[in-house]
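The residues making up each chain are set out below.
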Amino acid sequence: MLKAKKVSKAMIVGNKSLLDGVVDVLYQLNCVHIEDFDKEDSFLSIGRPGKAATEASNKLVKLRSFSNFLGLKPHYPDTLANQDSLLHEMDDTLDELDSTISRLTDKRNYLDNELKTIESKVVELEPFSQFPLDVEMYKGYNSISVHTGFVRSNEMETDIRNITTDYELFISSYNKMQVIALFISKEYEEQIAEVLDKNAFLEIHIPELTGNPQQLISGMINRKHDVEIELASLESEIDTLQKKYKDFILASDEVLSITTQKAEAPLKFATSDNSFIIDCWISDDQFGKVVSTIENEFNGRIFITKLDLEEEEIESESIPIEYNNPKPVKPLETIMDLYSRPTYKEIDPSAIIFITFPLFYGIMLGDIGYGLVLLTLGMVGIAKLKEGELRSLSTLLAYCSISTIIFGILYAEIFGFHIFGHHSIVASLMGEHSALGVAFHHFDLLPILDRLHPNDIPILLIASALIGVVHLNLGFLLGFRNMAISHGMKEAVLEKISWIVLQLGIAIVIVACMGYIPPAGQIIGAAVAVLGLVMLIAGEGMGAILELPSILSNTLSYTRLAAVGLSSVGIAFAVNEIVTTMLFPEGGIFIIIGILVLIIGHTVNTVLGVVAPGLHALRLQYVEFFTKFYEGGGRKFNPFGYIRKYTEVK
Amino acid sequence: MVDISIADATVEQIIANQKGLVAIGAGLAVGLSGIASGIAEKDIGAAAVGAMAEREELFAKGLILTVIPETIVIFGLVIAILLIFL
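What you see is a predicted model, and the numbers here were worked out from it, not measured in a lab. (Residues numbered from 1 in each chain as written. Chains lettered and ligands numbered in written order. Predicted model: local features only at pLDDT ≥ 70, side-chain atom pairs only at ≥ 80, totals over all residues.)

Draft legend 1. Spotlight on the overall build of chain B. Per the secondary structure count, chain B includes three helices and zero strands. Across chain B, helices and strands are ordered from the amino to the carboxyl terminus as α-α-α. Taken over the C-alpha trace, chain B has a radius of gyration of 21 Å; the compact-globule value for 86 residues is 12 Å, which it surpasses by more than 25%. Structurally, chain B occupies a C-alpha span of about 70 × 25 × 10 Å along its principal axes. In chain B, which comprises 86 residues, the share counted as buried stands at 20%. A separation threshold of at least 6 residues defines the contact pool for chain B, and within that pool the share at least 24 residues apart is 70%. (Helix = DSSP H or I, 4+ residues; strand = E, 2+ residues; numbered from the N terminus. Rg over C-alpha atoms; globule rule 2.2 N^0.38 Å. Buried ≥ 20, exposed ≤ 12 C-beta atoms within 10 Å, placed from the backbone. Contact = placed C-beta atoms within 7 Å.)

Draft legend 2. Fine view of the overall build of chain A. When you go through chain A residue by residue, the secondary structure sums to 21 helices and 16 strands. Once the C-alpha set of chain A is aligned to its principal axes, its extents read approximately 115 × 90 × 65 Å. A burial count over chain A gives 30% of its 650 residues as buried. Taking the intrachain contacts of chain A between residues at least 6 apart in sequence as the baseline, contacts between residues at least 24 apart amount to 79%.

Draft legend 3. Here's a closer look at the interface of chain B and chain A. Taken together, the contacts link 13 residues of chain B with 16 residues of chain A. Broken down by secondary-structure element, the contributors of at least two residues to the side of chain B that touches chain A are helix H2 (59-67) and helix H3 (70-85) of chain B. For the side of chain B that touches chain A, the element with the highest residue contribution is H3 of chain B, accounting for seven residues. Looking at the side of chain B that touches chain A residue by residue, the classes come out as 12 nonpolar, one polar and no charged. (Nonpolar A, V, L, I, M, F, W, Y, C, P; charged D, E, K, R; others polar.)

Draft legend 4. Structural detail: the pairing of strand S5 (residues 144-151) of chain A. Residues and elements named next belong to chain A. Bridging between S5 and strand S7 (residues 177-185) involves eight bridges; their strand directions are antiparallel. Along S7, the bridge assignment pairs Thr 148 with Ala 181. Here S5 runs beside strand S8 (residues 202-203); their pairing, made up of two bridges, is antiparallel. Each residue of the ladder has a partner; that of Phe 150, found in S8, is Leu 202. (Pairing = 2+ DSSP bridges.)

Draft legend 5. Here's a closer look at the environment of Pro 639 of chain A. Residue and element names in this part refer to chain A. Within the secondary structure, Pro 639 sits in the loop between strand S15 (635-636) and strand S16 (647-648). A residue is classified by how many C-beta atoms lie within 10 Å of it, and Pro 639, with 21 of them, is buried. Sequence spacing of Pro 639 and His 33 is 606 residues, and the spatial spacing of their C-alpha atoms is 4.4 Å. Those residues in contact with Pro 639 that sit more than four places away from it in its chain are Asn 30, Cys 31, Val 32 and His 33.

Draft legend 6. Spatial organisation of the nonpolar core. In this structure, Phe 360, Tyr 361, Met 364, Leu 561 and Ala 617 of chain A are the most contacted members of the largest nonpolar core, which totals 62 residues. Only helix H9 (330-339), helix H10 (350-365), helix H11 (368-384), helix H12 (389-411), helix H15 (456-487), helix H20 (560-583) and helix H21 (589-625) of chain A together with H3 of chain B provide two or more residues apiece to this core. If you tally residues by element for this core, the top one is H10 of chain A, at 10 residues. If we ignore the near neighbours within four places in the chain, the residues touching Leu 561 of chain A are Phe 360, Ile 363, Met 364, Ser 464 and Ile 467 of chain A. Formed by 27 residues, the second largest nonpolar core is a distinct cluster that contains Ala 270, Ile 302, Ile 319 and Tyr 323 of chain A. (Core = buried A, V, L, I, M, F, W, Y, C linked by C-beta atoms within 7 Å.)

Draft legend 7. Structural view of the sheet that holds S8 of chain A. Residues and elements named next belong to chain A. Spatial ordering of the open sheet is given by S6-S7-S5-S8, a layout of four strands whose pairing is antiparallel. Each edge of the open sheet is held by one strand with a lone partner, namely strand S6 (167-174) and S8. Note that S6 and S7 share eight bridges and pair antiparallel. When the bridges of S7 are listed, Tyr 167 appears paired with Ile 184.

Draft legend 8. Structural context of the domain arrangement of chain A. As far as domains go, chain A holds domain 1 (140-205) and domain 2 (327-416 + 452-628). Distance between the C-alpha centres of domain 1 of chain A and domain 2 of chain A: 76 Å. (Domains from an automatic or database assignment.)

Draft legend 9. View of H11 of chain A. All names here are of chain A. Over its 17 residues, H11 runs 24 Å from end to end, which matches the ideal 24 Å to within 8%, given 1.5 Å per residue. Where H11 is concerned, the buried positions are Ile 368, Gly 369, Tyr 370, Gly 371, Leu 374 and Gly 378. Those residues of H11 that are buried lie in contact with H10, H12, strand S13 (413-414) and H21. (Expected span 1.5 Å × (residues − 1).)

Draft legend 10. Layout of the packing of helix H16 (residues 489-513) of chain A against helix H17 (residues 520-540) of chain A. Residues and elements named next belong to chain A. The N-to-C vectors of H16 and H17 enclose an angle of 160 degrees; their axes lie 7 Å apart at closest approach. Put simply, H16 runs roughly antiparallel to H17. Relative to H17, the crossing made by H16 is left-handed. Tallied by class, the residues present in the contact of H16 with H17 amount to 20 nonpolar, seven polar and three charged. (Axes fitted to C-alpha atoms, helices over the stretch in contact; angles between N-to-C directions. Parallel < 35°, antiparallel > 145°, perpendicular 65-115°, else oblique. Left-handed = near helix turned anticlockwise from the far one by under 90°.)

Written as structure tokens, this is what we have:
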């Protein structure tokens, strides 16, 4: 906790003939982070990938294209496939799938194409369906030119008549435009071109068909229906295929991925003519296991040794980082990764935000009703999802909702209603004189803080600023620790402790001004603050003066703990007021409307209740807290291996 | 509109009047500082989303930069609450 897992650098050396065996063993151990071999300035060369690599990756490409075509999504299988029997039948099934899928693809492409052709022909023919001419009559004249297309207005006929009366013009309106078909002797071509130009003529080509356009169109529409039906049956065929081969494809994908990863592993190794060297990181708690496994498997023919870390290696970000947190804290690692992984020497604050994140969230939302809704959502998420970021976020939501319920009890709020005291919702629902009503009416220890009462709001505001002071100073202390380790005690004191001294000085001045200690305190406080300032300038230079106001803005920033909560309780209160004082007393239909308003209002507020407190709690960690001590930039510890999901080895 | 001339007003009327002015002041403090935060945040937010589109790891940095001007509205809010409740 609070530190990344301790890792050691190790070197594994052996004869090339044992390479495949070593890869297998390391893969199974799944706890060794292999470092890429850097060929620069080395007489060694990069290893060659195993023979299986090409074949397996070819198959993998094929499989992935199938799974793409079938629209497969990862899921949890009911039964695990046996790797050996899978490999045995893989080639045949792949061929079978290949031929089926290429047939289906061809068919689908053909049908899609046909559909498009029909649609475009219908679009082309439709404007001419109103003219009493067959399609073939628009073409094939020696002395007559035919112009078909759209014009802006139907006034062009007068223009044509000025040229000649020897013409035939069909005109009708279509989609707010005028469609024309003009038959005219070729000798007037130039004049006609001018007339058409003047009328913004847009030519359309008549498709190469024969027959009555209307009949043609209805025939095509019939064919389109047929094609659509065929396409639908094709889709259902694909669906059946998907169901049948889903498990096979996902399991084969896994087996082949493992094969390729193993076969390509030597690309990370350094090799000479007869031997190989693997540069790797192993966490200290696994080191013994790795050594003994390799000793047992190869009877000492493989050499494995721990390398000493050089000081500059510990300083740099080259050491891969594996979190070292107890299980409940794991979900917070997602939040850490979103920012940046810690480096090897610095504090890993996951365990701290495990407490502060839900705490801040609870202070802001603080409502038993919303807490229960979110707890249900979180639980559903945890039950449905087995792994991944969303599961972490669901777990986090559950933590936050528990804290929300606790603060809800302190504030005595349920969906913005009071549960205890004079305005108790229980008392007004159950009747003031019923046993429960009396109990809830007279129990007035809660709320400890009433967010609906003006007197308590300044208290909440001051309390949240004080929480901010504590949180910020925790950040400075952690920063002091990080700085002391990486840059030495003197700088740590000057850069981090100086802020604490400065705050202490300001605090003494404030307390003295309020009259709790003698007025001389003001001078002492000012002196302490100046001392802090001098330390700060000594540590960070004159630029530190520009940083000074940040201590005020950072502290005031925590008042959002009160403010965001007030906005949430404000919305809930407004919804409840509208319903209970304006809608319910009207009776009749207004009761139903009132219930609808309640449901919609509180749903909206629940959604806001996830987003707003979540983001603000996150921001207080990232912006106010982390900037005091955290640098991050660590690399992920990525063990060589694979956790099987769909297959097993017997 | 009730026309109140200060000379004829009772003490209660003057106090009520002042309460109204305080409320307007509080409203302006939150409203104007909110607009200011919005103006400041819009450019940063757009740039942050652009940066995230290129490199998703920049989410946290983008979030931090985007919310820095939010402090302005928090100041406004604190002033408003002080005006109304103290």
